[in-house]
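The chain contents come next:
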Amino acid sequence: MAGPSNDSNPDHPSIWLCHQINRDVPEAPAWMTGFEAETLARLAGTRRQEFLTSRWLLRQSLAQTSDQAPECCLPVDGRPNRAVYPEGHYLSLSHSRGLCAVGTDTYQLGIDIEPSQRRPDWVAVARRWFSPIEQEWLFRADDPFNFLKVWTLKEAWLKATDRGIAGNLQTLEVRNQFELYGDQPDQTWLASCFYVEGFLVTLVYRGRDQGGPGSWPGITLLEPPPDDYNLALAGTQEASWEPMFHRVIRSKR
């Protein structure tokens, strides 16, 4: 199957990535909302830099998707899962170890990223939180990279369906060969997983009721934020990426 285009298309979901810079600013940029500025003031070190980068990338992704100026783009306060302006845009945010990712679409979606070399105590996690079907094939394969794919799928699914982890990890079941089954029978959901810049990047999003997986989401690596985090429209960079899988999430009966 052909991989995703790097071109933004407002009719399809898009993934926007950037590497965070390890530089702080003494005060919140003027484009931040009061809520964002107050949140930033409570943060320090890596968490402060992650927050600065993520709020910059949210506006850059909305601008590049909608052709609006970045300074006009505005995510909601709190969990930034949609845009105040431009209206009708949904957002999802994830960041980990220096990489920030934002998903944009006109339908609900969720994104999650994990460093591909991360080696958690995945067997204990799977035994506690995963279904017997998931445990059987994961333990037989004995591959922590498979576990990371499953984990990012579940995280992205819960973000897309607006639920927390507690009590909900088994609402998406990941079977052998990454066959996916969810508990949302009234909606069409799709999942795409990529290897990008040493990370797993997984997007779960609403389908267009076309009965199949359709096109891959677009994926774009933007230049890192400038030192002062100004909102000049960011350019793109060459990214090292590989599509992993693209699936319809079937209804779990």
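Summary of the structure given here. (Residues numbered from 1 in each chain as written. Predicted model: local features only at pLDDT ≥ 70, side-chain atom pairs only at ≥ 80, totals over all residues. Heavy atoms only, no water.)

1. Observations regarding unusual backbone geometry
Quick reminder of the rule: What counts as a helix is a DSSP run of H or I of at least four residues, what counts as a strand is a run of E of at least two, and both are numbered from the N terminus.
Geometrically, the link from Tyr85 to Pro86 is a cis peptide bond, its omega value of -5° lying close to zero. Following the sequence through the fold, Pro86 ends up in the loop between β3 (83–85) and β4 (90–96). Positioned with a positive phi, Arg97 is a non-glycine residue whose angle comes to about 50°. Counting through the fold element by element, Arg97 comes out in the loop between β4 and β5 (99–105).

2. With respect to the packing of aromatic side chains
The line we're drawing: Classification of ring pairs rests on two measures: the distance between centres of Phe, Tyr or Trp rings, Trp counted by its six-membered ring, which must be within 6.5 Å, and the angle between planes, read as stacked under 30 degrees, edge-to-face over 60 and tilted in between. Here's how the labels work: a residue is buried when its accessible area is under 20% of the maximum for its type, exposed when over 50%, partly exposed in between, all with a 1.4 Å probe on protein chains only. Here, a charge over a ring means that NZ of Lys or CZ of Arg falls within 6 Å of the ring centre while also lying within 35 degrees of the ring normal.
Here the structure, examined in full by the defined rule, presents nine aromatic pairs. A ring pair is formed by Phe130 and Trp151, whose centres lie 6.4 Å apart and whose planes are at 25°; its orientation type is stacked. Taken as a pair, Phe130 in the loop between α3 (122–129) and α4 (132–141) and Trp151 in helix α5 (residues 144–160) lie far apart in primary sequence, 21 residues in all. The pair Phe130 / Trp151 is uniform in exposure class, with both members buried. The rings of Trp122, Phe130, Phe139, Phe147 and Trp151 are connected pair by pair, giving a single aromatic cluster. Across the ring face of Phe130, the terminal group of Lys154 is positioned such that the distance to the ring centre comes to 5.0 Å. Note that Arg175 overlies the ring of Tyr181, its terminal NZ or CZ placed 3.9 Å from the centroid.

3. Points about the pattern of salt bridges
For clarity, the threshold we go by: When a carboxyl oxygen of Asp or Glu is within 4 Å of a side-chain nitrogen of Lys or Arg, the pair counts as a salt bridge.
Taken as a whole and judged by the stated rule, the model has eleven salt bridges. With a shortest N-O distance of 4.0 Å, Glu36 and Arg55 are connected by a salt bridge. Here Arg55 lies in helix α2 (residues 45–66) and Glu36 lies in helix α1 (residues 34–41), a separation of 19 residues in the sequence. Grouping residues by exposure puts Glu36 and Arg55 together as buried. Bridged by salt links that share partners, the residues Glu36, Arg55 and Arg59 form one connected network.

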